[in-house]
Amino acid sequence: MLTIITDQKIIRRSQSLLVNSLKGQVKERIRVRLGHPGGSMEAHVYYLPQLDIWFFCRKLADSRFWNAFGCGRPAAGTIRPITCEINFPLQGIDRRIGGLLAADGKGDSYLLHRGRISGGKKGIGQDLFRRRYNGVWTWLRDGDSDSPALVIGRVKSPFFPRQVAQFVFKVEQLKREISGGGQLSLVFDDSEFRLDRLGGALEEEKTTVSSRCDRLLVVMDLARYLQQRGCRVGNDQQSDVWILSDDGQISHVFEIGADNSNLAIQEGVGRLFWSSISPVNNPQRCLVLPEAPAEQARQKLKLLGIRIVTYRWQEESAVFDLSEVKLPNS
């Protein structure tokens, strides 16, 4: 899990890395007036032609690092609206500020955003952003609690400027659709490639180290349960558990999902098909979840021919419901 950075020196150093990374693609410095809800101010913004974004950075004494961004090449002397700001406090934690820096176990710094997006656009707020913005969401250690945040990119990554630009354009598109009354809905027969569909939405569930350890126990309990039912079971590095038929062919493949999040279900489906592709037979594919999925997910799994197995904890062991699965010799 990423951990929020509060140290003043590390934050200052990360801000310098952020600015220097973006300045490496700057070709112009243009004088404009930056528009904001309280009025406007004169500023010299940096324009990155390859990414078609501009940015302006300033340290606000005793407050924050202010990083403002916008789309397109600004004409000199014009008033430019700010698409988004990725600000973070000079030190400590301030959850009123949208941006933040966090570190992984190796000490690498990441730029993140809490979803506090406004910029004068009615209807744009943290709740909508978290529900509608598709990207790389994570849970991070935020002082004495865990909080969800969007990961924009690793500050030292060679792809960092592109990741920042992608964030800016997706926020711009989100604001434009809300201002135009758009519903931000996805239509299945729409074959257009859209930037706002990249990534995933914020999941309420958190996949922790603890839950991954628990998952191994579920695998062991499932294998033991199937053996008690007279099944020949096995596993390998590609499959959690499988059953062999009397003629030695794999008849069932089981994959355990860490939780009921969309991401976990999608990953489980992918592993089921990848591990069970065979020119000889078509085994029964079973996805094991801690509880029944939502109806929409259930219908999709049914269309794919995937059987759902649920489990619950009884003291220290997992107990399974295999009512949807026809086992050998049953």
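Right above here is the structure, for reference.
Cut-offs applied
- Residues numbered from 1 in each chain as written.
- Predicted model: local features only at pLDDT ≥ 70, side-chain atom pairs only at ≥ 80, totals over all residues.
- Heavy atoms only, no water.
- Core = buried A, V, L, I, M, F, W, Y, C linked by side-chain atoms within 4.5 Å.
- Buried < 20%, exposed > 50% of the residue type's maximum accessible area, 1.4 Å probe, protein only.
- Helix = DSSP H or I, 4+ residues; strand = E, 2+ residues; numbered from the N terminus.
- Contact = heavy atoms within 4.5 Å.
- Pairing = 2+ DSSP bridges.
- Axes fitted to C-alpha atoms, helices over the stretch in contact; angles between N-to-C directions.
- Patch = residues over 30% accessible without salt bridge, like charges linked within 9 Å, V, L, I, M, F, W, Y side chains within 5 Å.
- Areas by Shrake-Rupley, 256 points an atom, 1.4 Å probe, with all protein chains shown as cover.
- Salt bridge = Lys/Arg side-chain N within 4 Å of Asp/Glu carboxyl O.
- Lys, Arg positive; Asp, Glu negative; His and termini not counted.
- Charge placed at Lys NZ, Arg CZ, Asp CG, Glu CD.
- Phe/Tyr/Trp six-rings, centres within 6.5 Å; stacked < 30°, edge-to-face > 60°.

Q: What's the story with the nonpolar core in this structure? I'm lost.
A: Among soluble globular proteins, nonpolar side chains are generally buried collectively. Residues Phe69, Leu111, Phe129, Val164 and Phe167 are the most contacted members of the largest nonpolar core, which totals 35 residues. Mapped onto this core, the elements with two or more residues apiece are α1 (8-23), β3 (39-48), β4 (53-60), β5 (64-71), β9 (99-103), α2 (126-132), β12 (145-154) and α3 (160-179). Of all the elements, α3 adds the most residues to this core, at seven residues. Not counting chain neighbours up to four residues away, the residues in contact with Phe129 comprise Gly115, Ile117, Trp137, Leu150, Phe167, Val171 and Leu174.

Q: What is the right way to read the sheet that holds strand β1 (residues 2-4) from this model?
A: Whether parallel or antiparallel, the strands of a sheet pair through hydrogen bonds between backbone atoms. The five strands are arranged β1-β9-β10-β12-β11 in a closed barrel whose pairing can be described as mixed. Going from strand to strand, the sheet's axes swing by 55° on average, the running direction of each strand aside. Strand direction decides the pairing type here: β1 and strand β11 (residues 137-142), joined by two bridges, are parallel. Following the sheet pairing, Thr3 is matched in β11 by Arg141.

Q: Looking at this structure, I do not really get a positive patch on the surface. What am I missing?
A: A cluster of like positive charges, contributed by Lys9, Arg12, Arg13, Lys59 and Lys156, occupies part of the molecular surface. The element that contributes the greatest number of residues to the positive patch is α1, accounting for three residues. The residue Arg13 is located in helix α1 in this model.

Q: What is the right way to look at the packing of aromatic side chains in this model?
A: Both the distance between ring centres and the angle between the ring planes are used here to describe each pair of aromatic rings. Inspection of the entire model under this criterion finds eight aromatic pairs. Measuring from ring centre to ring centre gives 5.9 Å for Phe65 and Phe88, while their planes differ by 55°; the resulting arrangement is tilted. With Phe65 in strand β5 and Phe88 in strand β8 (residues 88-89), this residue pair connects regions lying 23 residues apart in the sequence. When sorted by exposure, Phe65 lands in the same class as Phe88, which is buried. Taking 6.1 Å as the distance between ring centres and 90° as the angle between the ring planes, the aromatic pair formed by Tyr311 and Trp313 counts as edge-to-face. Judged by its relative accessible area of 38%, Trp313 falls in the partly exposed class. Following the ring pairs from residue to residue traces out a cluster consisting of Tyr225, Tyr311, Trp313 and Phe320.

Q: Would you mind showing me how to read the sheet that holds strand β18 (residues 317-321) here?
A: The strand order β13-β14-β15-β16-β17-β18 describes an open sheet built from six strands, whose pairing is mixed. Each edge of the sheet is formed by a strand with only one pairing partner; in this case those strands are β13 (232-234) and β18. Neighbour-to-neighbour, the strand axes of the sheet open up by a mean angle of 30°, direction not taken into account. Pairing of strand β14 (residues 241-244) with strand β15 (residues 250-256) involves four bridges; the strand directions are antiparallel. By the bridge assignment, Val241 is partnered in β15 with Phe254.

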